Structure formats: C-alpha cells, structure tokens
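Chain by chain, the residues:
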Amino acid sequence: MNDINAAVNSLVTAYIKDTPKSLKLIDSYMVYVLLTGIIQFVYVVIAGTFPNNAFLAGFISTVASFVLAANLRIQTNPKNASQFPTTSPERAFADFLACNVVVHFAVANFLG
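Residues numbered from 1 in each chain as written. Predicted model: local features only at pLDDT ≥ 70, side-chain atom pairs only at ≥ 80, totals over all residues. Heavy atoms only, no water.

I would appreciate a short explanation of the pattern of salt bridges in the present structure.
Opposite charge on two side chains makes pairing possible when the charged atoms of those side chains draw close. Under the defined criterion, the tally for this structure stands at 2 salt bridges. A salt bridge links Arg-91 to Asp-95; the shortest N-O distance between them is 3.3 Å. One end of the pair, Arg-91, and the other, Asp-95, are both in helix H4 (residues 89-111), 4 residues apart, so they sit about a helical turn from each other. (Salt bridge = Lys/Arg side-chain N within 4 Å of Asp/Glu carboxyl O. Helix = DSSP H or I, 4+ residues; strand = E, 2+ residues; numbered from the N terminus.)

Written out as structure tokens, the structure reads:
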C-alpha cells in the first residue's frame, strides 16, 4: 500500500510541477466532459431511454468532445512538437473549434 501511495504522490507532484497550465486547462475540460457523459449514462440507466435520440445525441456529443480535446492536448503538448512540426498550438485550437462546430451541427441534426 505504501508503494501505491508513493507512486500516486510522485505522479501528482510531477504533474503539478511539469505540466503547463494550458494542458491542465484542457485536462480539466476533459474531466468535465467525462463526468457529463457518466452522468448522462447513469441517468439513462435509471430513468430509461424514452427520448432515445436525445440520449444518443448527448452521449455522442460528450464522446466526440472528449476525443477532440484529447487530440488538442496531444497536438499542443510541447513534448510532442517533433511529431507535429507544421501544426502550431493556434492551428490545433482552430482545428478543435472547427471540428466541434461540425460535430455539434450533426448532433443538433440528430435531435430532429
């Protein structure tokens, strides 16, 4: 148990010390989207799937938002700069926004 506590403490300390604030902001957004998806799933398990399209649209929105945020985090991480030599953080954010607009138009269309 002490080994697990030491590993978790080491991980948290390294995350706080070495992770840039922009990546921490993206991480907090990803946690928010993840919790939103979990809450939607728990709600549909408890209350049922009567408006099935509404649940599917909301859940697809959260999954897509999480995936797009993960891509944004990967592309804006300074340690990955060698893998994305032609992609600036601004370009990655613009791609993130454009893809989110497309996804949410599809989600709104799915609602009917």
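So what exactly am I meant to see when it comes to the packing of aromatic side chains here?
We describe a pair of aromatic rings using the distance from one ring centre to the other and the angle between the two ring planes. Per the counting criterion, the structure on display carries 4 aromatic pairs. Ring centres of Tyr-29 and Phe-96 lie 6.3 Å apart, and the angle between their planes is 90 degrees; on these two criteria the pair is classed as edge-to-face. Of the two residues, Tyr-29 sits in helix H2 (residues 21-47) while Phe-96 sits in helix H4, which places them 67 residues apart along the sequence. Relative accessible area serves as the criterion here: at 11%, Phe-96 is assigned to the buried category. (Phe/Tyr/Trp six-rings, centres within 6.5 Å; stacked < 30°, edge-to-face > 60°. Buried < 20%, exposed > 50% of the residue type's maximum accessible area, 1.4 Å probe, protein only.)

I would appreciate a short explanation of the nonpolar core in the present structure.
General note: in soluble globular proteins, nonpolar side chains tend to be found buried as a group. Ranked by size, the top nonpolar core spans 12 residues in total: Leu-23, Ile-26, Met-30, Ala-57, Ala-64, Leu-68, Ala-69, Leu-72, Ala-92, Phe-96, Val-103 and Val-107. Mapped by element, the contributors of at least two residues to this core are H2, helix H3 (52-76) and H4. If you tally residues by element for this core, the top one is H3, at 5 residues. If sequence neighbours within four positions are ignored, Leu-23 has contacts with Tyr-15, Arg-73, Thr-76, Asn-77 and Pro-78. (Core = buried A, V, L, I, M, F, W, Y, C linked by side-chain atoms within 4.5 Å. Contact = heavy atoms within 4.5 Å.)

Before we go on, may I ask you to explain the packing of H2 against H3 in this structure?
Direction vectors running N to C along H2 and H3 enclose 160 degrees, while the axes themselves pass 9 Å from each other. Between H2 and H3, the crossing angle belongs to the class labelled roughly antiparallel. Considering the relative orientation of H2 and H3, their crossing is left-handed. Within the contact between the two elements, H2 uses Leu-23, Ile-26, Asp-27, Tyr-29, Met-30, Val-33, Leu-34, Thr-36, Gly-37, Gln-40, Phe-41 and Val-44 and H3 uses Phe-55, Gly-58, Phe-59, Thr-62, Ser-65, Phe-66, Ala-69, Ala-70, Leu-72, Arg-73 and Thr-76. Counted by class, the contact of H2 with H3 contains 14 nonpolar, 7 polar and 2 charged residues. (Axes fitted to C-alpha atoms, helices over the stretch in contact; angles between N-to-C directions. Parallel < 35°, antiparallel > 145°, perpendicular 65-115°, else oblique. Left-handed = near helix turned anticlockwise from the far one by under 90°. Nonpolar A, V, L, I, M, F, W, Y, C, P; charged D, E, K, R; others polar.)

What should I look at first to understand the UniProt feature "transmembrane region" (unreviewed entry) in the chain in this one?
The feature "transmembrane region" (unreviewed entry), as given by UniProt, occupies residues 29-48 and 54-72 in the numbering adopted here. Secondary structure across residues 54-72 divides into 100% helix and 0% strand, with the first and last C-alpha atoms of the span separated by 27 Å. (UniProt positions renumbered as here; feature names shortened; annotations may be inferred.)

Please explain a nonpolar patch on the surface as it appears in this structure.
A cluster of nonpolar residues, Val-31, Leu-34, Leu-35, Ile-38, Ile-39, Phe-41, Val-42, Val-45 and Ile-46, forms a patch on the protein surface that exposes about 890 Å² of accessible area. Among the structural elements, Leu-35 can be located in helix H2. Given a relative accessible area of 48%, Leu-35 falls into the partly exposed group. (Patch = residues over 30% accessible without salt bridge, like charges linked within 9 Å, V, L, I, M, F, W, Y side chains within 5 Å. Areas by Shrake-Rupley, 256 points an atom, 1.4 Å probe, with all protein chains shown as cover.)

Hey, could you run me through the side chain of Asn-100 in this one?
Structurally, Asn-100 can be placed in helix H4. With residues up to four places along the chain from it excluded, the contact list for Asn-100 reads Ser-65 and Leu-68.

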